[in-house]
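Structural features, examined
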Amino acid sequence: MIKENLIKILDEIPSNVKLIAISKTKSAKEILEAYYQGQRLFGENKIQEMNEKYNLLPKDIKWHMVGHVQSNKIKYMAPYVDMIHGIDSFKSLAIINKEGGKNNRIIKCLLQLKISRESTKFGLTFKQIEEIIKSDEYQNLTHVKVCGIMAMASFTNNIKVIKNEFDSTNDLFEKIKKTNTDFNVLSMGMSNDYKLAINCGSNMVRIGSLIFGSRNY
Ligand SMILES: *Cc1c(COP(=O)(O)O)cnc(C)c1O
């Protein structure tokens with residue numbers, strides 16, 4: 001089914017939108033099924049699990065970290081991670097910069113905007129994001145590059161609420177993009193809301209269960 005699910009989704013999303021196949025809890029075998037269908041971008045939310053899969057699987061896979069990043073574990077993914085989505089502090093950027101330097105890389109990151117009202121979700125406010133991007137402290141980091149924004153909508157069936165959150169995320173993205181040439185990724189949309197997210201300007205969707213089936217934790 002993975003193959004069919006992937007074909008269906010790729011058929012539905014515009015060519016400018018990147019699909020990150022979220023493979024957390026899924027086996028190397030299941031990931032390979034998507035890989036053989038041409039999928040190269042995969043996302044995980046735990047560094048240790050991503051490392052194990054990185055070691056097992058073909059090296060042309062681009063791994064995205066979509067979970068909350070713990071500072072002390074950044075060094076384990078710094079040699080290979082393609083993009084880190086969930087940055088919610090300048091401190092994390094500074095550590096990623098240090099690890100990027102050790103590996104002679106510029107590591108791509110997204111700042112996580114907290115749009116949802118749920119206290120469980122991590123993220124920065126509009127103001128904090130603008131401040132980080134403009135700050136000299138950030139401008140001086142040479143081994144990390146903020147490429148855009150990541151956001152997760154509230155856990156609700158109310159489409160109006162979700163649309164409002166996506167629209168305001170896109171507004172902030174477009175605003176910063178005007179003055180920042182590095183800014184070109186808007187990561188929003190998951191299995192249940194990716195179509196709406198794309199309509200609201202997303203150019204990177206993170207889809208797990210719709211490709212791989214529901215997860216057993
Ligand atoms: C698990 C996860 C997804 C994918 O969720 P699905 O509903 O299975 O598509 C997307 N983004 C993040 C940050 C996740 O942790």
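All of these numbers come straight from a predicted model, not from anything done at the bench. (Residues numbered from 1 in each chain as written. Predicted model: local features only at pLDDT ≥ 70, side-chain atom pairs only at ≥ 80, totals over all residues. Heavy atoms only, no water.)

Some details on the pairing of strand β2 (residues 41-44)
Definition in use: Exposed residues in this analysis have more than 50% of their type's maximum accessible area, buried residues have under 20%, and partly exposed residues fall in between, with area computed by a 1.4 Å probe over protein chains only. Comment: elements are numbered from the N terminus, with helices defined as DSSP H or I runs of at least four residues and strands as E runs of at least two. For two strands to count as paired, DSSP must find a minimum of two bridges between them. Classification remark: right-handed applies to a crossover when, strands pointing away from the viewer, the course from the first strand over the helix to the second runs clockwise.
With burial as the criterion, each face of β2 is covered, one bearing Leu-41 and Gly-43 and the other bearing Phe-42 and Glu-44. Relative to β2, strand β1 (residues 18-22) runs parallel, the two being bridged by 2 bridges. Counterpart to Ile-22 in the pairing with β2 is Gly-43. Following the chain from β1 across helix α2 (residues 28-36) to the adjacent parallel β2, one finds a crossover that is right-handed. Where β2 meets strand β3 (residues 62-65), 4 bridges bridge the pair, whose relative direction is parallel. Each residue of the ladder has a partner; that of Leu-41, found in β3, is Lys-62. Each parallel crossover has a hand, and the one from β2 via helix α3 (residues 47-56) to β3 is right-handed.

Focus on the site of the ligand
The cut-off we apply is this: We call a residue near a molecule or strand when any one of its heavy atoms sits within 4 Å of it. Counting of polar contacts relies on pairs of N or O atoms within 3.5 Å, with two restrictions inside protein: one atom must be capable of donating a hydrogen and the other of accepting it, and residues adjacent in sequence are counted only when both atoms are side-chain atoms. For the area figures, the Shrake-Rupley method with a 1.4 Å probe applies, and any residue is considered shielded solely by the protein chains shown.
Residues in close proximity to the ligand include Ile-22, Lys-24, Val-66, Met-150, Met-152, Met-190, Ser-191, Arg-206, Ile-207, Gly-208, Ser-209 and Arg-215, which together make up its full environment. Within the side chain of Ser-191, a nitrogen or oxygen atom sits 2.5 Å from an oxygen atom of the ligand. One of the backbone nitrogen or oxygen atoms of Gly-208 is found 2.8 Å away from an oxygen atom of the ligand. Summarising the interface, the protein chains cover 91% of the accessible area of the ligand, which totals 390 Å² for the free molecule.

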